Each structure stands twice: as structure tokens, then as C-alpha cells.
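Topology and contacts: notes
Here are the chains, one letter per residue:
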Amino acid sequence: MAALFTRLRRPIPGAQPRRRFEFPPEVDPLPVPVDPSVQLTDERLKFGGLPPRSMRQHPIHFGFMASVGAGLALLAYFMIMNVGQLLLWIGAALFIALGLDPIVRWLDERGVPRPAGITLSLTVLVGLVVGFFATLIPTIVNQTSQIIERGPAYAQTFLNSDFFRTVDRQFQVRDRALVEINNFFAEDGIVSGIFGGVLGVGTVILNGLFGTLIVLVLTLYFLASLPSMKKWAYRLAPRSRRARVQSLSEEITRSVGMYVIGQACVALLNGAFAFIVMSIAGVPFSVLLAFVVVLLAFIPLVGALIAACFVSLVALTVGWQTALLFAIPYLAYLQFEAYFISPRIMQRAVAVPGAVAVIAVIAGGSLLGVLGALIAIPTAAAIMLLLKEVFIARQDQQ
């Protein structure tokens, strides 16, 4: 194996490397000659610069610059609103790339070239995702069709419940609810309500496949060029602060990468335990619900609680005993996960206070949806690290 990697490292005879964009080499600044015997008088110092312009002296200039600034701000807002989907794809690809980068570096430390490590990591990731969906999609489709078939019966059971009868006596909503339920469960009603018709289904599928392909390609490029991207970004900082910027950036990217890996492990363990408990308790549609639990577990703090409430509501369709038989062990596992599993998996990732984490997740979810909730805690950790290492350190020195 080592001989194979050594042979792959050798250049192909006659091959020419592709030209790449590179920053100019870093050059030490030349010393400025200073004659200590020469001193400027006060009269010469008066002509060293121009006085700052004021709005009262140059109102046209300030009005024009303010209009230009407002126009550029509106242009930037228009561009961001029209490329919002692309920005989400870029954010998702960068998030995945930072999560795979620790694995690639771990392979690189053990003699595997970075291109081979990137190929191996992406191949394993794509293989796991494809195998996961290939195994579960038939079951998920079958159970989803069963939910649609049994939906009217579930709705009728709810309408005949004591809770709904109490609400109906006070607000008289039974007739309106019957009309909405019949329209929803009518032929093609569910598909039209969820996707907007057959054309909407095809559009959603094509957009999903196209978005997945774009994210995969961007992830490949980000992984391949991540070291050079970092080096270019460090060159944008002043030379005197470049080492500090580099150390902070490496700490932030390392924390984000470990957070992605840790959150994926926690989500998979959560989904596996939920599936086992649902199978024992006899909760219907356990495979589909386990898939939903895994997806929700990627959302920190609130995702697991939302999954517990959702699965418990589904278990109530069987009986309150089934709901309790699921809810008690699963909530106990969430406590065990919070105090024993997550601290050990996340010990090399991020450390954010609880209140800051809750606020960050709510704000990220409001701004960018699920992706915003996923990247909220790493972003909050990066901001807190910058505040501690830059702002507070500067304030302590004054």
C-alpha cells in the first residue's frame, strides 16, 4: 500500500502542471533610512496633510456619497436575495468540507496523500448516504403510503375524541374541520397540498437532485483547496497580526470540523436508540420515524425534544400506554446523552453556554432554516472565541 501511494506521488513523465492562481511571495519590507540629525520644524509640520471635509463645507459631496452608499447597499441586498439558494448550497458544502477535513488530515498524517484521502472520504460518505437511502426508501415509501391511507381514520378518531368535542362545543369548528380534512385527503389532495401537484413533485425532485450534485461538487472543491484557501485568507491580514489571525482561524475551523463529526455521531446514536424503543413499544411506522429522529437530532438542543414530542403524538394513535412506553425510555436516554455521550464526543469541539446556544439556534433557524440551526452553535463559538481572544484581551491591556 505504501509503495502504491509513493508511486502515485510521482509525476507522470511529460505531464505539465496546470497553472494556478497564486499570491505573490511574501517579502520582508525594506528598512526605511532615517537620518536622526534631521528634524522638522513646527512650520513644516503644518503642511503634512489636508483637514477633514465637513458636511457643512461640502454638502454636495456628502450627499452624493450617501446616495452612492445607499444604492450599493440596495444592490447588495438585491443580489443576496436573488442568490439565496446558492448561498445556502455554499454554506452546506463548506460545512460538510470542514467536517470531513479532520478525517482527511488524519489520513494524511498516516501517509495517505491528501487527494487520495479526499477521494476516500467522499466515496465513503456518498456510499453511506446512497446505501442508507437505498435500504430505507422502499420502507419509507411504503409506510408513508400507509399513513396517507390511514389518515382519514386517524382524523375521524381525533374528531370523535373528548378533547375535540369540548373544543367544538365552545367554538363550533367541527364542520370547518370536516371540510378541510376531506379536501386534504381527496384524490391528489395530499400531493397538491404538499408539493403543488404532479409538476410540483417533479420540480422538487429535480431541484433536490441538482442541489445535492452542486453541494457534492462544491464540497470536493472546498476539500481539495482548503489549505490554499486558508493561506490566501491569511495573506489578507496585516503582516504584524498574521500569526494571530492564523492561530484563531485554525482553532475555529478545527472546532467546526469536530462539531460536525460529533453531531453526526450523536444523531445516529439517537436514531438507533429511538428505533429500538419504538420497535419494542410497538409504535407504528418505526423506520420512517427513526429517519425523522435522525434528521431532527442534527438540530442542537431542540431537535431531540421535537422528535420526542412528534413520535409520542404518533404513538398516542395506538394508545397512551404505547406513548408512555416510548416517551419514558427516550427522555431518559436524552438525559444520559446530555451528561455522558455528548460531553465525551464533543470534548474537542465547541463549548458554548446554554443560553447563548438557545438564542443562537433560534436566530439561525429564523434566518436560514435548518442550515442556520445547524451552523448556529459553531458560529456562536467562533464569535465568543474572537471576543475572548481579541476584544477582551485588548480591553484588558488598556
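No experiment lies behind these values; they were computed from the predicted model shown. Think of each chain on its own: its residues are numbered from 1, step by step along the sequence as written. Under the rules for a predicted model, residues below a pLDDT of 70 receive no local features and side-chain atom pairs below 80 are neither given nor counted, while totals for whole chains, interfaces and linings still include all residues. Think of the side-chain values as coming from all heavy atoms in the structure, minus any hydrogens and water.

A few points about the overall build of the protein
The condition that has to hold: A run of H or I in DSSP becomes a helix once it reaches four residues, and a run of E becomes a strand once it reaches two; helices and strands are each numbered from the N terminus. Pairs of residues are marked as contacts when any of their non-hydrogen atoms sit within 4.5 Å. Using the Shrake-Rupley algorithm and a 1.4 Å probe, accessible areas are obtained, with residue cover drawn only from the displayed protein chains.
Looking only at helices and strands, the protein features 14 helices and 0 strands. Going from the N terminus to the C terminus, the protein shows its helices and strands as α-α-α-α-α-α-α-α-α-α-α-α-α-α. Considering only contacts within the protein whose residues lie at least 6 apart along the sequence, 68% involve residues at least 24 apart. When the accessible surface of the protein is totalled, it reaches about 27,500 Å², and 69% of it is carbon and sulfur.

Overview of the pattern of salt bridges
As a reminder of what qualifies: By salt bridge we mean one thing: a side-chain nitrogen of Lys or Arg within 4 Å of a carboxyl oxygen of Asp or Glu. Whether a residue is buried, partly exposed or exposed follows from its accessible area with a 1.4 Å probe, protein chains only, as a fraction of its type maximum: under 20%, in between, or over 50%, in that order.
Counted under the stated rule, the structure contains 5 salt bridges. For E109, the salt bridge goes to R110, with nearest N and O atoms at 3.7 Å. E251 serves as the salt-bridge partner of R254, at 3.0 Å between the closest nitrogen and oxygen. Remark: E251 and R254 occur in helix 10 (residues 242-281); sequence separation between them is 3 residues, near one turn of the helix. Here R254 falls in the partly exposed class, since its relative accessible area comes to 23%.

Comments concerning helix 12 (residues 303-316)
Residue pairs three or four apart in sequence face the same way in an α-helix, which turns once every 3.6 residues. Threshold: Expected span of a helix: the number of residues minus one, times 1.5 Å. Each direction from the helix axis to a C-beta atom contributes to the arc, which is the arc of those directions.
For helix 12, with 14 residues, the first-to-last C-alpha span of 20 Å sits near the 20 Å given by 1.5 Å per residue. For helix 12, the set of buried residues is G303, A304, A307, A308, V311, S312, V314 and A315. All buried residues of helix 12 project into a common sector of 160 degrees when viewed along the axis, lining one side. Across helix 12 from its buried face, at more than 90 degrees, point the exposed residues C309 and L313.

What to know about the packing of aromatic side chains
The geometry of an aromatic ring pair comes down to the distance between the two centres and the angle between the two planes. The condition is simple: Aromatic rings from Phe, Tyr and Trp, taking only the six-membered ring of Trp, are treated as a pair when their centres fall within 6.5 Å; an angle between ring planes under 30 degrees marks them as stacked, one over 60 as edge-to-face, and anything in between as tilted.
This structure, assessed with the given rule, holds 4 aromatic pairs. Their ring planes at 15 degrees and their centres at 5.2 Å tell us that F326 and Y330 sit as a pair that is stacked. With F326 and Y330 both in helix 13 (residues 320-345) and 4 residues apart, this pair spans about one turn of that helix. Residue F326 shares its accessibility class with Y330, and that shared class is buried. Measuring from centroid to centroid gives 5.1 Å for F336 and F340, while their planes differ by 25 degrees, and the two rings are stacked.

So, the nonpolar core
Heads up, the rule is: Residues belong to one nonpolar core when they are buried, are Ala, Val, Leu, Ile, Met, Phe, Trp, Tyr or Cys, and are joined through side-chain atoms within 4.5 Å.
Core analysis: the biggest nonpolar cluster contains 36 residues, and M278, V283, V311, F326 and Y330 have the highest contact counts within it. Mapped by element, the contributors of at least two residues to this core are helix 4 (84-109), helix 10, helix 11 (286-297), helix 12, helix 13 and helix 14 (354-397). At 8 residues, the largest contribution of residues to this core is made by helix 14. Counting residues in hydrophobic clusters, the runner-up holds 10 residues, among them W89, A93, V104 and I118.

Let's talk about the side chain of D101
Position of D101 relative to the elements: it lies in helix 4. Note on D101: relative accessible area 4%, which makes it buried. If we skip the residues at most four places from it in the chain, D101 touches R114, L223, L226 and K230.

Considerations on the side chain of K230
For K230, the location among the structural elements is in helix 9 (residues 198-235). The residues touching K230, leaving out its near neighbours within four places in the chain, are D101, E250 and T253.

Quick word on a nonpolar patch on the surface
Worth spelling out the cut-off: Residues with no salt bridge and a relative accessible area higher than 30% make up the patches, which join like charges within 9 Å and nonpolar side chains (Val, Leu, Ile, Met, Phe, Trp, Tyr) within 5 Å.
On the surface, F64, M65, V68, L72, L75, F78 and M79 cluster together into a nonpolar patch covering about 720 Å² of accessible area. The residue F78 is located in helix 3 (residues 59-82) in this model. Classification of F78 by relative accessible area gives exposed; the value is 54%.

A few points about the confidence of the model for the protein
Cut-off, in case you're wondering: Known as pLDDT, the predictor's per-residue confidence is scaled from 0 to 100.
With 71% of its residues at a pLDDT of 70 or more, the protein has an overall mean of 75. Here helix 8 (residues 189-195) stands out as the element of the protein with the lowest mean pLDDT, 49, in contrast to helix 12, whose mean of 87 is the highest.

Here we look at the packing of helix 11 against helix 12
Let me state the cut-off plainly: Only the stretch in contact is used when fitting a helix axis, every axis being a line fitted to C-alpha atoms; angles between N-to-C directions are given from 0 to 180 degrees. The scheme is simple: roughly parallel for angles under 35 degrees, roughly antiparallel for over 145, roughly perpendicular for 65 to 115, oblique for anything else. Left-handed is the label given to a crossing in which the near helix is rotated counterclockwise from the far helix by less than a right angle, and right-handed is the label when the rotation is clockwise.
Running from amino to carboxyl end, helix 11 crosses helix 12 at an angle of 160 degrees, the nearest separation of the two axes being 8 Å. In terms of their interaxial angle, helix 11 and helix 12 are classed as roughly antiparallel. Note that helix 11 runs across helix 12; the crossing there is right-handed. Between helix 11 and helix 12, the residues in contact are L289, V292, V293 and L296 and G303, A304, I306, A307, F310, V311 and V314, respectively.

Focus: the environment of Y330
A relative accessible area of 1% places Y330 in the buried class. In this structure, the C-alpha to C-alpha distance between Y330 and F273, residues 57 residues apart in sequence, is 7.8 Å. Apart from residues no more than four positions distant in its own chain, Y330 is found in contact with N270, F273, A274, V293, A304, A307 and A308.

Quick word on the packing of helix 10 against helix 13
Defined as follows: Residues are grouped as follows: nonpolar covers Ala, Val, Leu, Ile, Met, Phe, Trp, Tyr, Cys and Pro; charged covers Asp, Glu, Lys and Arg; every other residue, Gly included, is treated as polar.
In the contact formed by helix 10 and helix 13, the axes pass within 10 Å of each other and the chain directions differ by 160 degrees. With respect to helix 13, the element helix 10 is oriented roughly antiparallel. Considering the relative orientation of helix 10 and helix 13, their crossing is right-handed. Contact with helix 10, carried on its side by G262, C265, V266, L269, N270, F273, A274, V277, M278, I280 and A281, involves T322, L325, F326, P329, Y330, Y333, L334, E337, I341, S342 and I345 of helix 13 and no other residues of that element. Residue composition of the contact of helix 10 with helix 13, grouped by class: 17 nonpolar, 4 polar and 1 charged.

Side note on the environment of V302
Checked against the element boundaries, V302 lands in the loop between helix 11 and helix 12. When the C-alpha positions of V302 and V361 are compared, they lie 8.5 Å apart, and in sequence the two are 59 residues distant.

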